[in-house]
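Topology and contacts: notes
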Protein chains: 2
Amino acid sequence: MMDTTPRKEQIFQTAGAMFSRQGYHATTMRDIARELNMQGGSLYAHIDSKEDVLWEIVERAAAQFLESVRPLAGLPLPASARLRRMLAAHVDVVTRNLDNATVFFHEWRFLGPARRAHIAAQRDEYEALFRRVIQDGVAAGEFPGADARMGALLVLSAGNWLYQWFRPDGALSAAAVAAQMADVIIAGLRCVE
Amino acid sequence: MMDTTPRKEQIFQTAGAMFSRQGYHATTMRDIARELNMQGGSLYAHIDSKEDVLWEIVERAAAQFLESVRPLAGLPLPASARLRRMLAAHVDVVTRNLDNATVFFHEWRFLGPARRAHIAAQRDEYEALFRRVIQDGVAAGEFPGADARMGALLVLSAGNWLYQWFRPDGALSAAAVAAQMADVIIAGLRCVE
DNA sequence: CCTACCGATCGGTAGG
DNA sequence: CCTACCGATCGGTAGG
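Keep in mind that what you see is a predicted model, and the values were worked out from it rather than measured.

Our focus in this paragraph is the packing of helix α3 (residues 50-73) of chain A against helix α4 (residues 79-96) of chain A. To describe two helices that pack against each other, one gives the angle between their axes and the distance between the axes. All names here are of chain A. Their axes nearest at 9 Å, the elements α3 and α4 cross at an angle of 165°. Between α3 and α4, the crossing angle belongs to the class labelled roughly antiparallel. As α3 packs across α4, the resulting crossing turns out to be right-handed. Residues Q64, F65, S68, V69, L72 and A73 of α3 form the contact with α4, whose own contacting residues are R82, R85, M86, A89, H90, V93 and V94. Looking at side-chain class alone, the contact of α3 with α4 contains 8 nonpolar, 3 polar and 2 charged residues.

Next up, the structure:
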């Protein structure tokens, strides 16, 4: 079978896998080229710089998180139901793009200042979505004793740290992980005093 | 004031700070040397290799986690009280050694295979401490509906992700963070069905 | 702890 | 997309 994926996309895919395993700085352009049966310099017919490749991976991951979760935050559902769906969407993005999620969490700080600031802003917006839903739950009496800030941090800590231990071939499916996490966290937000 | 810290310790401290900010591979031995007003080659009068420096930082961090938490796991207290103390100890280690904790979480995979395996074993032992305490709570009826594996992952996700957002000069003290986290998580383990 | 240096390799480019 | 190359810099060492 021929791989009909455009070369540029192959470079992003291969780079994502290698950056996630070895890290951005420990992966050389020649490593990526070798994986694609090319010479190092030939990569530059498709991309302009190593940092551009990192940027593409990180920016796409950030966009995926926001695009998956944002539509759920405003659904006409109780806060606990919205939070459950948002966490499931987050877990879905992480587990279906483990390599790129790992690069996103680990390597975004190696972007230049402007790009780093852009990612930081998206991350802040993303956090705020979770905080707001929990705050809704506090206001509605679903989570009477909860602190929205700590609640959001807890949800995102669980959802993010996932990239460290989740294995696609493991016993737990992404949906099962998300459901179990949501069960405990939502119970905590309901019962905490 | 003269700094009376032995040169070797100064190297570990400086390397910890720089590895945490720039990453292991993006930090050069000459970067570390410059910070200490030395020439690059002079570092090798005190250490044998760059990887040895990383190893010292990572191994010390792993030991600190285990030595702080292990004595608490077997205390004659209810599981929830033990878990609370263990999380507080964990948060204490992270927040009092933010640089080294960051290096521990981010850079341990760049160690050689033998050293990496050693750290992986310590991490597994550490996780088991938390799992066992939660299992005790399940058996004792404190956490009747909880899953020990997911509970431990939740505690450690929150405790580990901390290195990403905790700021020593922020509004929340380490003790306050640990207490709030424990409140929500323990409530969740108690109330989940 | 410094000077001076080693071989290796890096990201990126010119020219085809 | 390859060949051939650029200047820069890497981790580490010899000799003092």
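Okay, back to it.
Take unusual backbone geometry next. If you check the backbone angles, N37(A) has positive phi at about 55° while not being a glycine. Relative to the assigned elements, N37(A) resides in the loop between α2 (29-35) and α3.

Quick look at the pattern of salt bridges now. Applying the stated criterion across every chain, the model contains 26 salt bridges over all chains. Among the ionic pairs, R60(A) bridges to E9(A), the shortest N-O distance being 2.9 Å. Residue R60(A) is located in helix α3, and its partner E9(A) is located in helix α1 (residues 7-22); the two are separated by 51 residues in the primary sequence. Since its relative accessible area comes to 33%, R60(A) is described here as partly exposed. The class for E9(A) is partly exposed, based on a relative accessible area of 26%. In this structure, D52(B) engages R115(B) in a salt bridge whose closest nitrogen and oxygen atoms are separated by 3.0 Å. Residue D52(B) is found in helix α3 (residues 50-73), and its partner R115(B) is found in helix α6 (residues 113-139); the two are separated by 63 residues along the sequence.

Within this structure, the stated rule accounts for 22 aromatic pairs over all chains. Ring centres 5.1 Å apart and planes at 80° place the aromatic pair F19(B) and Y24(B) in the edge-to-face group. We note that F19(B), like Y24(B), is buried. Over the aromatic face of Y24(A) sits the side chain of K50(A), whose NZ or CZ is 4.6 Å from the ring centroid.

Time to look at the protein's contact with DNA strand D. As a structural note, the neighbourhood of DNA strand D is formed by 16 residues, with S42(A), H46(A), R30(B), Y44(B) and K50(B) the closest of them. The sugar-phosphate share of atoms of DNA strand D within 4 Å of the protein amounts to 62%. Side-chain polar atom of H46(A) to a phosphate oxygen of DNA strand D: 2.5 Å apart, as the coordinates give it. A distance of 2.7 Å separates a base nitrogen of DNA strand D from a polar atom in the side chain of R30(B). Residue composition of the surface near DNA strand D, by class: 4 nonpolar, 8 polar and 4 charged.

With 18 residues, helix α7 (residues 148-165) of chain B extends 26 Å from end C-alpha to end C-alpha; this agrees with the ideal 26 Å at 1.5 Å per step. Counting buried positions along α7(B) gives 16 out of 18 residues, so the element sits mostly inside the fold.

The next subject is the protein's contact with DNA strand C. Around DNA strand C there are 16 residues in total, and R30(A), Y44(A), K50(A), S42(B) and H46(B) lie nearest to it. For DNA strand C, the backbone makes up 62% of the atoms found within 4 Å of the protein, where backbone means sugar plus phosphate. Contact between DNA strand C and R7(B): a phosphate oxygen at 3.2 Å from a side-chain N or O atom of the residue. When grouped by side-chain class, the residues that make up the surface near DNA strand C number 4 nonpolar, 8 polar and 4 charged.

Another aspect to go through is the interface of chain A and chain B. Contacts between the two partners involve 36 residues from chain A, matched on the other side by 36 residues from chain B. The junction of chain A with chain B conceals about 3000 Å² of combined surface from both sides, 70% of it contributed by carbon and sulfur atoms. Taken together, the connections running from chain A to chain B amount to 2 salt bridges. Across the salt bridge formed by E107(A) and R109(B), the nearest N and O atoms sit 3.3 Å from each other. Run the count over chain A and chain B and you get 6 residue pairs in polar contact (both at pLDDT 80 or more). At the level of secondary structure, the elements contributing two or more residues to the side of chain A that touches chain B comprise α1, α5 (98-107), α7 (148-165) and α8 (174-191) of chain A. Counting residues per element, the side of chain A that touches chain B draws most heavily on α7(A), which supplies 11 residues.

Basis of the calculations
- Residues numbered from 1 in each chain as written.
- Chains lettered and ligands numbered in written order.
- Predicted model: local features only at pLDDT ≥ 70, side-chain atom pairs only at ≥ 80, totals over all residues.
- Heavy atoms only, no water.
- Axes fitted to C-alpha atoms, helices over the stretch in contact; angles between N-to-C directions.
- Helix = DSSP H or I, 4+ residues; strand = E, 2+ residues; numbered from the N terminus.
- Parallel < 35°, antiparallel > 145°, perpendicular 65-115°, else oblique.
- Left-handed = near helix turned anticlockwise from the far one by under 90°.
- Contact = heavy atoms within 4.5 Å.
- Nonpolar A, V, L, I, M, F, W, Y, C, P; charged D, E, K, R; others polar.
- Salt bridge = Lys/Arg side-chain N within 4 Å of Asp/Glu carboxyl O.
- Buried < 20%, exposed > 50% of the residue type's maximum accessible area, 1.4 Å probe, protein only.
- Phe/Tyr/Trp six-rings, centres within 6.5 Å; stacked < 30°, edge-to-face > 60°.
- Lys NZ or Arg CZ within 6 Å of the ring centre and 35° of its normal.
- Near = heavy atom within 4 Å.
- Polar contact = N/O pair within 3.5 Å; in protein donor to acceptor, adjacent residues only side chain to side chain.
- Expected span 1.5 Å × (residues − 1).
- Buried area = accessible area lost by both parts, 1.4 Å probe.

No statement about biological role is implied by the geometric values presented.
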